[in-house]
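Structure assessment
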Amino acid sequence: MQTNENQTRFLLMALLLLYLVSRVLQLFAGQVPNLLIVILHVIPAALFAAIHGGRTYRSRDAVVFIGLCLAVGCFFESVSLRTGFPFGHYRFTDLMGPKLLDLPIMLALAYVGMGYSSWILGLIIMQSQDQRLSGKNLVVVPLVASCIMTIWDFSMDPIWADIDHAWVWRDGGSFYGVPPGNFFGWFLTTYVFYQLFALYIRNRKTVPAPASHWRLAILLYALSAAGNLFVVAPASLGDVFVDATGKRWLISSILWACRLISVFVMLPLGLLAWVRASRSVKPCPEQVTQFVSIE
């Protein structure tokens, strides 16, 4: 059993390393294929969520979480593409690869990895990682997790829209060309699938696990924050981004906004969760088999 646990930990660390590689590759924007960077952003994080989630709960619970992320995320994205609610009016370019009904498959999968990591941070910050999810935490944890994931989007949306041109906002917006309503859309979308998952696992405890287990998921969020420091703009973009309304935004200001949010909001959230994870209940010998088992 110890061998299985070590192998799983090695696999999770390898996936984190692949995700880190995707962030470092941003330093070579314009020299490395964009789709490769997108794939390395999304797939390792999604696989991490599936494997780590199968250890945190049960394998079928991890499948339910992933299913809710994909179903709810795709539903709201598809509605917004056609109506403007809840994110605003926008369209995707071809940067993120193949689309299904105008929605890039990679974008849909992007909900999974960071969605799971934000959920775990919410659990830990509210000290619910070793307790049954019930009472006020049945609602509070989804609310906190939604805030954490929305902050992630807050840090990266102008980068992907203005610098990478993964999507285009039809009417521009006051946050470096991004409409503020977009962040309401992210909060609403994530809250819906978090709340549904919370109701699904109501009164069920996570598998008792050491702090090191929880910190792997914290690392995924922290690497995302640190990775924002590696974002550079290709020289071909020039110094200014012009949104759909003709308003001009300095590329340097967009990059610094992303970095400041990452350093002063995302990383402190990760640090808080890291410290609180030390209060995690360590599994006793008879629980080790349950912890390392992936049903």
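Refer to the structure above for everything that follows.
Here's a quick rundown of the structure. For clarity, every value in this text was computed on a predicted model and none was experimentally measured. (Residues numbered from 1 in each chain as written. Predicted model: local features only at pLDDT ≥ 70, side-chain atom pairs only at ≥ 80, totals over all residues. Heavy atoms only, no water.)

1. So, the environment of Val231
- Checked against the element boundaries, Val231 lands in the loop between α7 (211-227) and β5 (240-242).
- On the basis of relative accessible area, Val231 is assigned to the buried category, the value being 4%.
- In this structure, the C-alpha to C-alpha distance between Val231 and Gly122, residues 109 residues apart in sequence, is 26 Å.
- Setting aside anything within four residues of it in sequence, one finds Val231 in contact with Arg23, Gln26, Ile159, Leu255 and Arg259. (Helix = DSSP H or I, 4+ residues; strand = E, 2+ residues; numbered from the N terminus. Buried < 20%, exposed > 50% of the residue type's maximum accessible area, 1.4 Å probe, protein only. Contact = heavy atoms within 4.5 Å.)

2. Points about the nonpolar core
- Core analysis: the largest hydrophobic core is formed by 86 residues, its most contacted members being Phe48, Trp119 and Trp167.
- Top element by residues in this core is helix α4 (residues 105-125). It accounts for 14 residues. (Core = buried A, V, L, I, M, F, W, Y, C linked by side-chain atoms within 4.5 Å.)

3. As for unusual backbone geometry
- With omega at 5°, the peptide bond leading from Phe85 into Pro86 counts as cis.
- Tracing the backbone through its elements, the reader meets Pro86 in the loop between α3 (59-83) and β1 (90-92).
- Within the chain, Asp102 stands out as a residue other than glycine whose phi angle is a positive 75°.
- Here Asp102 is to be found in the loop between β2 (99-100) and β3 (103-104).

4. Notes on the environment of Val192
- On the secondary structure map, Val192 appears in helix α6 (residues 181-200).
- The class of Val192 is partly exposed, set by a relative accessible area of 24%.

5. Quick look at the packing of aromatic side chains
- Within this structure, the stated rule accounts for 25 aromatic pairs.
- The interplanar angle of 20° and the centroid separation of 5.1 Å between the aromatic rings of Tyr111 and Trp186 together place this pair among those described as stacked. Residue Tyr111 is located in helix α4, and its partner Trp186 is located in helix α6; the two are separated by 75 residues in the primary sequence. By the burial criterion, Tyr111 is buried, and Trp186 matches it.
- Here Phe193 and Tyr194 contribute two aromatic rings whose centre-to-centre distance is 4.8 Å and whose plane-to-plane angle is 70°, an arrangement assigned as edge-to-face. (Phe/Tyr/Trp six-rings, centres within 6.5 Å; stacked < 30°, edge-to-face > 60°.)

6. Description of the packing of helix α2 (residues 34-56) against α4
- Viewed as axis vectors pointing N to C, α2 and α4 meet at an angle of 45°, and their least axial separation amounts to 8 Å. If you check the angle between α2 and α4, you find them oblique. Between α2 and α4 the crossing geometry is left-handed. Residues Val38, Ile39, Val42, Ile43, Ala45, Ala46, Phe48, Ala49, His52, Gly53 and Thr56 of α2 touch α4, and the partners they reach there are Met106, Leu109, Ala110, Val112, Gly113, Tyr116 and Ile120.
- Looking at the contact of α2 with α4, its residues break down into 14 nonpolar, four polar and no charged. (Axes fitted to C-alpha atoms, helices over the stretch in contact; angles between N-to-C directions. Parallel < 35°, antiparallel > 145°, perpendicular 65-115°, else oblique. Left-handed = near helix turned anticlockwise from the far one by under 90°. Nonpolar A, V, L, I, M, F, W, Y, C, P; charged D, E, K, R; others polar.)

7. Focus: the pattern of salt bridges
- This structure, assessed with the given rule, holds five salt bridges.
- Measuring nitrogen to oxygen at the nearest pair gives 2.8 Å for the salt bridge that ties Arg204 to Asp61. Of the two residues, Arg204 is situated in the loop between α6 and α7 and Asp61 in helix α3; the sequence distance between them amounts to 143 residues.
- Look at Arg204 and you get partly exposed, because its relative accessible area is 25%.
- One salt bridge connects Arg82 with Asp102, and the closest N-O pair in it is separated by 3.7 Å. Residue Arg82 is located in helix α3, and its partner Asp102 is located in the loop between β2 and β3; the two are separated by 20 residues in the primary sequence. (Salt bridge = Lys/Arg side-chain N within 4 Å of Asp/Glu carboxyl O.)

8. Description of the side chain of Thr150
- Summarising the element assignment, Thr150 is placed in helix α5 (residues 137-163).
- With relative accessibility at 11%, the residue Thr150 sits in the buried group.
- In terms of polar contacts, Thr150 uses its side chain to reach the backbone carbonyl oxygen of Ser146, at 2.7 Å.
- The contacts of Thr150, once residues within four sequence positions are left out, are Phe183, Trp186, Phe187 and Thr190. (Polar contact = N/O pair within 3.5 Å; in protein donor to acceptor, adjacent residues only side chain to side chain.)

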